[in-house]
Amino acid sequence: MLKLYRSLLVISFAIQAVWLFVPEGVRYPPTLEDPFSWEMQYSVLGESLIYGGILLFSLMYFILMVGLFFFIRYARHAFLILVLASGLFSTLSGLSVQYGFEILANYYLTLIDGVILGMIYFSRLGQYFQRDHR
């Protein structure tokens, strides 16, 4: 189970890193100007707050993935809070225009995050967070 857990962490980290670091010009061709005019419509948050939040959540995600990999005690609870906060943040961010491959990647990330949360809270892996285990 430990190998599966760590493999899921690495896969999740890799998907998130590829999504974050691929330039927008590569992901979206210039012909999509009209659909992107809807992006962030009906948002409770401002545009700069949304982009700052995306960077903050991504940075925290990377840090917590490393913490979960090495069973750092605070990482388990912080990851749960991050997942819940990102759900609230997404709701307040308004409309989002995405390609199918982005929807698929986000779907897999959500599934993997759920499996990771299940493993660290409802399996024996939770015991590794109770003591110093490296």
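Please refer to the structure higher up on the page.
Quantities reported herein were computed from a predicted structural model and do not represent experimental measurements. (Residues numbered from 1 in each chain as written. Predicted model: local features only at pLDDT ≥ 70, side-chain atom pairs only at ≥ 80, totals over all residues. Heavy atoms only, no water.)

Quick notes on the packing of helix α5 (residues 73-92) against helix α6 (residues 100-122)
Taken N-terminus to C-terminus, the directions of α5 and α6 make an angle of 145°; their axes are 11 Å apart at the nearest point. Considering only the axes of α5 and α6, their crossing is left-handed. Packed against α5, whose contacting residues are Arg76, His77, Phe79, Leu80 and Val83, the element α6 presents Asp113, Ile116, Leu117, Ile120 and Tyr121 at the interface. Its residues placed into classes, the contact of α5 with α6 shows seven nonpolar, one polar and two charged. (Axes fitted to C-alpha atoms, helices over the stretch in contact; angles between N-to-C directions. Helix = DSSP H or I, 4+ residues; strand = E, 2+ residues; numbered from the N terminus. Left-handed = near helix turned anticlockwise from the far one by under 90°. Contact = heavy atoms within 4.5 Å. Nonpolar A, V, L, I, M, F, W, Y, C, P; charged D, E, K, R; others polar.)

Thoughts on a nonpolar patch on the surface
A cluster of nonpolar side chains, namely Leu56, Leu59, Met60, Ile63 and Tyr74, defines an oily patch on the protein surface of about 480 Å² accessible area. Per-element tally for the nonpolar patch: the top contributor is helix α4 (residues 47-69), with four residues. Judged by its relative accessible area of 33%, Met60 falls in the partly exposed class. (Patch = residues over 30% accessible without salt bridge, like charges linked within 9 Å, V, L, I, M, F, W, Y side chains within 5 Å. Areas by Shrake-Rupley, 256 points an atom, 1.4 Å probe, with all protein chains shown as cover. Salt bridge = Lys/Arg side-chain N within 4 Å of Asp/Glu carboxyl O. Buried < 20%, exposed > 50% of the residue type's maximum accessible area, 1.4 Å probe, protein only.)

Quick look at unusual backbone geometry
The phi angle at Phe71 is positive, at roughly 55°, despite the residue not being glycine. Topologically, Phe71 is positioned in the loop between α4 and α5.

What to know about the side chain of Arg76
Structurally, the position occupied by Arg76 is in helix α5. Classification of Arg76 as buried rests on a relative accessible area of 10%. Ignoring anything within four residues of it in the chain, the contact list for Arg76 reads Leu68, Ile120, Tyr121, Gly126, Phe129 and Gln130.

Notes on the nonpolar core
If you look at the biggest cluster of nonpolar residues, it comprises 19 residues, and the most contacted ones within it are Tyr5, Met65, Leu68, Phe79, Ile116 and Ile120. Listing elements by their share of this core, those giving two or more residues are α1 (2-21), α4, α5 and α6. Per-element tally for this core: the top contributor is α6, with six residues. Other than its neighbours up to four places away in sequence, Leu68 contacts Tyr5, Leu9, Ala75, Arg76, Phe79, Ile116, Ile120 and Phe129. (Core = buried A, V, L, I, M, F, W, Y, C linked by side-chain atoms within 4.5 Å.)

The values are spatial; any link to function lies outside them.
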